[in-house]
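Below are the chains, spelled out letter by letter.
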Amino acid sequence: MASSVDTLAAALAEDCLKAMKATGEDRLFVEVGHVLGAASQTLEEAFLTEVRVRLAERAARDFLIRRVKELKAARDD
């Protein structure tokens with residue numbers, strides 16, 4: 001079972017990433033992290049971890065999609 005900190009951090013990370021996409025502010029999570037850090041370093045660390053994991057997964061998925069397309073194109077040539 002996830003702790004309250006993990007649950008809150010995950011939900012906040014999802015909301016922050018949605019706001020980042022909607023506004024184009026790609027460093028918004030850093031600002032949110034500063035706000036959290038002033039009140040709870042534990043929640044700040046969990047939030048930043050959740051954001052980084054999601055950003056890393058997106059980057060890896062984008063890479064995988066591009067690479068598969070390149071491999072298919074090379075195979076078809």
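To keep things clear, this report deals only with the structure shown in the data block. All values reported here derive from a predicted model rather than from experimental measurement.

## Notes on helix α3 (residues 41–76)
At step 1: If you check α3, its first and last C-alpha atoms are 52 Å apart, about what 36 residues at 1.5 Å a residue would give, namely 52 Å.
At step 2: Among all positions of α3, only Leu43, Glu44, Ala46, Phe47, Leu48, Val51 and Arg54 are buried.
At step 3: The elements touched by buried residues of α3 are α1 (4–23) and α2 (28–39).

## Points about the packing of α1 against α2
At step 1: Put simply, α1 and α2 touch, their axes get as near as 9 Å, and they point 140° apart. Between α1 and α2, the interaxial angle falls into the category oblique. For the element pair α1 and α2, the recorded crossing hand is right-handed. Residues Leu12, Cys16, Ala19 and Met20 of α1 form the contact with α2, whose participating residues are Leu28, Phe29, Val32 and Leu36.

Rules used throughout
- Residues numbered from 1 in each chain as written.
- Predicted model: local features only at pLDDT ≥ 70, side-chain atom pairs only at ≥ 80, totals over all residues.
- Heavy atoms only, no water.
- Helix = DSSP H or I, 4+ residues; strand = E, 2+ residues; numbered from the N terminus.
- Expected span 1.5 Å × (residues − 1).
- Buried < 20%, exposed > 50% of the residue type's maximum accessible area, 1.4 Å probe, protein only.
- Contact = heavy atoms within 4.5 Å.
- Axes fitted to C-alpha atoms, helices over the stretch in contact; angles between N-to-C directions.
- Parallel < 35°, antiparallel > 145°, perpendicular 65-115°, else oblique.
- Left-handed = near helix turned anticlockwise from the far one by under 90°.

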